[in-house]
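Chain and residue survey
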Amino acid sequence: MEKYEIIKDLGAGSFGVTKLCKHKQTKELVAVKFIQRGPTIDANVEREILNHRSLRHPNVVRFKEVLLTTTHLALAMEYASGGELFQRV
Ligand SMILES: Nc1ncnc2c1ncn2[C@@H]1O[C@H](COP(=O)(O)OP(=O)(O)OP(=O)(O)O)[C@@H](O)[C@H]1O
């Protein structure tokens, strides 16, 4: 996570919290989903990563990389800046 600066919280889901982060060198904004390490990091999370990585569609956020901290596994993905889906339906 050293290469990213945390900007703000984007929201929380059933797996953990997602934060808006900026790559310190490229200044690229990404959404990073933090999942607490422990029993929840199992084959299901691995499967989610593998599935997400294989998706390539203009309407699906791109998965970027997996980061590890001492307490969390963090999934960096493209930042979707359009606001809450809930407000659009
Ligand atoms: N790539 C992203 N770009 C911008 N905001 C995001 C992105 N991913 C997640 N968020 C924000 O963070 C919140 C939490 O995301 P997360 O994926 O953890 O849970 P969720 O999809 O809302 O719910 P669940 O975990 O139950 O599927 C989202 O509701 C959204 O507001």
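In this text the structure is predicted, and so the values were computed from the model without any measurement.

1. Let's talk about the sheet that holds strand E2 (residues 17-23)
Taken in spatial order, the 5 strands of this open sheet run E1-E2-E3-E5-E4, and their pairing is antiparallel. Edge strands, defined here as strands with exactly one partner in the open sheet, are strand E1 (4-12) and strand E4 (63-68). Taken over all neighbouring pairs, the strand axes of this sheet differ in orientation by 30° on average, direction set aside.

2. Structural notes on the UniProt feature "binding site: ATP" (unreviewed entry) in the protein
The UniProt record annotates "binding site: ATP" (unreviewed entry) at Lys33. Judged by its relative accessible area of 22%, Lys33 falls in the partly exposed class. Leaving out residues up to four positions away in the same chain, Lys33 has contacts with Phe15, Val17, Thr18, Glu48, Leu73, Ala74, Leu75 and Met77.

3. A short note on the pairing of E4
Bridge analysis of E4 against strand E5 (residues 72-78) gives 5 bridges, and the strand direction is antiparallel. When the sheet's bridge partners are listed, Glu65 is paired in E5 with Ala76.

4. Focus on the pairing of E1
Strand residues, when the strand is regular, have side chains that alternate between the two faces of the sheet. In terms of strand pairing, E1 meets E2 through 7 bridges, oriented antiparallel. When the bridges of E2 are listed, Ala12 appears paired with Val17. Where E1 folds back on E2, the antiparallel hairpin that results is connected by 4 residues, among which Gly16 adopts a positive phi of roughly 160°.

5. Re the pattern of salt bridges
Enumeration over the complete set of coordinates arrives at 3 salt bridges. A salt bridge links Lys3 to Glu65; the shortest N-O distance between them is 3.1 Å. Of this pair, Lys3 sits in the segment before E1 while Glu65 is found in strand E4, placing the two residues 62 residues apart along the sequence. Between Asp9 and Lys19 there is a salt bridge; the shortest N-O distance is 3.0 Å. Of this pair, Asp9 sits in strand E1 while Lys19 sits in strand E2, placing them 10 residues apart in sequence. When its relative accessible area of 52% is taken as the criterion, Asp9 is described as exposed.

Rules behind the numbers
Residues numbered from 1 in each chain as written. Predicted model: local features only at pLDDT ≥ 70, side-chain atom pairs only at ≥ 80, totals over all residues. Heavy atoms only, no water. Pairing = 2+ DSSP bridges. Helix = DSSP H or I, 4+ residues; strand = E, 2+ residues; numbered from the N terminus. Axes fitted to C-alpha atoms, helices over the stretch in contact; angles between N-to-C directions. UniProt positions renumbered as here; feature names shortened; annotations may be inferred. Buried < 20%, exposed > 50% of the residue type's maximum accessible area, 1.4 Å probe, protein only. Contact = heavy atoms within 4.5 Å. Salt bridge = Lys/Arg side-chain N within 4 Å of Asp/Glu carboxyl O.

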